[in-house]
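Working through the structure, step by step
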Amino acid sequence: MLRATTGDQGSADLGGVHRHLSARGRGAAAEGRGRPGCRLRFGGGAAGIERLEAALVGEAFSPHRHDTYAIGVTLRGVQTFRYRGEKRHCLPGEWHVLHPDELHDGAAGTDDGFGYRIFYLDPALVQEALGGQPLPFVPDPVIRARGVDPALAEYLSDIDAPLCDVEAAEITSAIADVLRRHAPAPARPRARLDLDAVRRVRELLADDPAVRHPAELLERVSGLDRWSVARQFRAAFGTSPTRFRTMRQLDLARRLMRQGRPPAEAAAAAGFADQSHLTRMFKRAYGLTPAAWAAAVRQPPAPGLSGTGPGSP
């Protein structure tokens, strides 16, 4: 099995998420919506799965892209984002599905701000759940609740609970089914991927992301020429080898900053040229600078979004 690398109908359909929010918490949401700022709270995850709660009032994410699938549900407010050249709106109870490496931003559609919970899922897990097929692409990123397995809402109702391997498999298979259901059928059969070859490349990049490996080494490791490596890696994992390595560098930098290391030290340890290089790559990946991200992680949980579990780590 491939090792994972990374630590979405209307408002009446909030169902499995809002049922688990206390009445007191929902009341606090109405009172606290005007407080400006960005708040991020990471929950329990598993190999290749992250869960996050976010709330923004008077703030916005600049254009950025992930190397994971992002599947989230809007809990309150109106979420707007530009995706593949169009402005989209996601209302409470609606889900959004963003494909790896697709540029998008994120902002509130009203002055009240918005809040959501989300899964970030390693594309390699999706591919395993689909039996090694190329990754599906969902062209319309906003999906009504009836198009999503209710189990996904349940797994976002308490993001602080740790995930066992069975639960991780359930989340992965449910997300893979949503992607397959909403993706158009491929126009023609694609060439078969040499999964073992590109997995070896992926493992090499993930094992030591601070090191830049030359194309010749990727060719030797995979047994493919460099052009086949580039094409097949993207088909298998939704991003390029270079982008995959950069995201693993950023994963390392985020861990170090959450441990209290200053950005300059985190940049050097993760293999970036300097702090400004880290800042550029960080903003492209997360829509925030390292300083803004660190401040958002330190913020207390947003009113009305958190359940009864412990606060932000």
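Everything here concerns the structure above.
Everything in this summary refers to the structure shown in the same document.

1. Here we look at the packing of helix α9 (residues 241-258) against helix α11 (residues 275-286)
The interhelical angle for the contact between α9 and α11, taken along N-to-C directions, is 105°, at an axis separation of 10 Å. Between α9 and α11, the interaxial angle falls into the category roughly perpendicular. For the pair α9 and α11, contact is made by R243, T246, M247, L250, D251, A253, R254 and M257 and by L278, M281, F282, R284, A285 and Y286, respectively. A breakdown of the residues in the contact of α9 with α11 according to their chemical character gives nine nonpolar, one polar and four charged.

2. So, the environment of D112
Inspection of the secondary structure puts D112 in the loop between β8 (104-108) and β9 (114-121). Residue classification places D112 among the partly exposed positions, given a relative accessible area of 42%. On a C-alpha basis, the gap between D112 and L56 in space is 8.9 Å, while along the polypeptide they are 56 residues apart.

3. Concerning the pattern of salt bridges
Here the structure, examined in full by the defined rule, presents 18 salt bridges. With its nearest N and O atoms 3.9 Å apart, the salt bridge here joins R226 to E216. Here the residue R226 occupies a position in helix α8 (residues 226-237), and E216 occupies one in helix α7 (residues 215-222), the gap between them amounting to ten residues. Given the relative accessible area of 35%, R226 is considered partly exposed. Overall, the relative accessible area of 40% leaves E216 in the partly exposed class. The partner of R226 in a salt bridge is E219, with the nearest N and O atoms 3.1 Å apart. Each member of the salt-bridge network shares a partner with another, and the members are E50, D67, R248, D251 and R254.

How each quantity is defined
Residues numbered from 1 in each chain as written. Predicted model: local features only at pLDDT ≥ 70, side-chain atom pairs only at ≥ 80, totals over all residues. Heavy atoms only, no water. Axes fitted to C-alpha atoms, helices over the stretch in contact; angles between N-to-C directions. Helix = DSSP H or I, 4+ residues; strand = E, 2+ residues; numbered from the N terminus. Parallel < 35°, antiparallel > 145°, perpendicular 65-115°, else oblique. Contact = heavy atoms within 4.5 Å. Nonpolar A, V, L, I, M, F, W, Y, C, P; charged D, E, K, R; others polar. Buried < 20%, exposed > 50% of the residue type's maximum accessible area, 1.4 Å probe, protein only. Salt bridge = Lys/Arg side-chain N within 4 Å of Asp/Glu carboxyl O.

By themselves, these observations are geometric and do not establish any function.
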